[in-house]
Amino acid sequence: MVRHGLFGAILAACVAPSRAACPAGGVNMHGKCWFLGEAGASCSQTCKDKGLSFSHHVAGEAAPMVPKLLGREPGTRQFPWGRIECYVAASDRFHTAKERPDGNTGDKGDAEIGAW
C-alpha cells in the first residue's frame, strides 16, 4: 500500500475460505476476492476488515481488476508501476500492475507487500 496521499484506493486480493462467496463489494476472480481499499488502508487491513487474509496476485495488463470493481473503465488507464493496481478517484485514473515494481514505488518485497 502506498503510505502517502497520492492514491485514493489500492486494490487488495483476499483469500476467502474454500468455496465461500466474496463478502459484499468483492469480485471473485483468479481464485481470490478483490476489493478497492479505502485511501490510506493497507491491503492486509482491507482484507482483515472483510474477515479474510491478504494474498498477492498480479492480474496483469490484459485484464486489470480496477475496471471490474468499478463496473466501468476509468477515464485514464496509466502504465504499470507497482505490483498492486492503484486507483485515483479524484482524477478517475488508475495504474495497472506488473510483477517487477519500479524503484520509486516504496515496495519493500514480498514480506511487506500486504502492508502496501
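Residues numbered from 1 in each chain as written. Predicted model: local features only at pLDDT ≥ 70, side-chain atom pairs only at ≥ 80, totals over all residues. Heavy atoms only, no water.

**Details of the environment of Phe79**
- By the element assignment, Phe79 lies in strand E5 (residues 76-82).
- Residue classification places Phe79 among the partly exposed positions, given a relative accessible area of 46%.
- Sequence separation between Phe79 and Lys98 is 19 residues; the distance between their C-alpha atoms is 9.3 Å.
- Residues in contact with Phe79, not counting those within four places in the same chain, are His95, Thr96 and Asp102. (Helix = DSSP H or I, 4+ residues; strand = E, 2+ residues; numbered from the N terminus. Buried < 20%, exposed > 50% of the residue type's maximum accessible area, 1.4 Å probe, protein only. Contact = heavy atoms within 4.5 Å.)

**Quick word on the side chain of Glu85**
- Looking at the secondary structure, you find Glu85 in the loop between E5 and strand E6 (86-88).
- For Glu85, which is buried and forms no salt bridge, the nearest opposite charge comes from Lys68, at a distance of 7.8 Å.
- Only 2.9 Å separates the side chain of Glu85 from the backbone nitrogen of Met65, close enough to count as a polar contact. (Lys, Arg positive; Asp, Glu negative; His and termini not counted. Salt bridge = Lys/Arg side-chain N within 4 Å of Asp/Glu carboxyl O. Polar contact = N/O pair within 3.5 Å; in protein donor to acceptor, adjacent residues only side chain to side chain.)

**Considering the state of the cysteines**
- One pass over the structure, following the stated rule, counts one disulfide.
- Each disulfide pairs two cysteine sulfurs, and for Cys22 the partner residue is Cys33, the sulfurs being separated by 2.3 Å. Around the S-S axis, the bridge from Cys22 to Cys33 shows a dihedral of about -100 degrees and counts as left-handed. Placement of Cys22 in the loop between strand E1 (9-15) and strand E2 (27-29) and of Cys33 in strand E3 (residues 32-36) is noted, with a sequence separation of eleven residues between them. Neither residue differs from the other here; Cys22 and Cys33 are each classed as buried.
- In this structure Cys43 is a free cysteine whose sulfur lies 6.9 Å from that of Cys47, the closest cysteine sulfur available. (Disulfide = S-S within 2.5 Å.)

**Some points on empty space enclosed by the protein**
- One pass over the structure, following the stated rule, counts one cavity of 30 Å³ or more.
- As a volume, the largest cavity reaches approximately 60 Å³.
- If you trace the largest cavity, you find it lined by Leu11, Ala12, Ala13, Trp34, Phe54, His56, His57, Arg83, Ile84, Glu85 and Ala97.
- Element by element, the count of residues in the lining of the largest cavity is highest for E1, at three residues.
- Of the residues assigned to the lining of the largest cavity, the class counts are seven nonpolar, two polar and two charged. (1 Å grid on protein atoms, 1.4 Å probe; cavity = no way out; pocket = protein on both sides within 12 Å on 5 of 7 lines; lining within 4 Å. Points joined across faces, edges and corners; volume = space filled by probe spheres on them. Nonpolar A, V, L, I, M, F, W, Y, C, P; charged D, E, K, R; others polar.)

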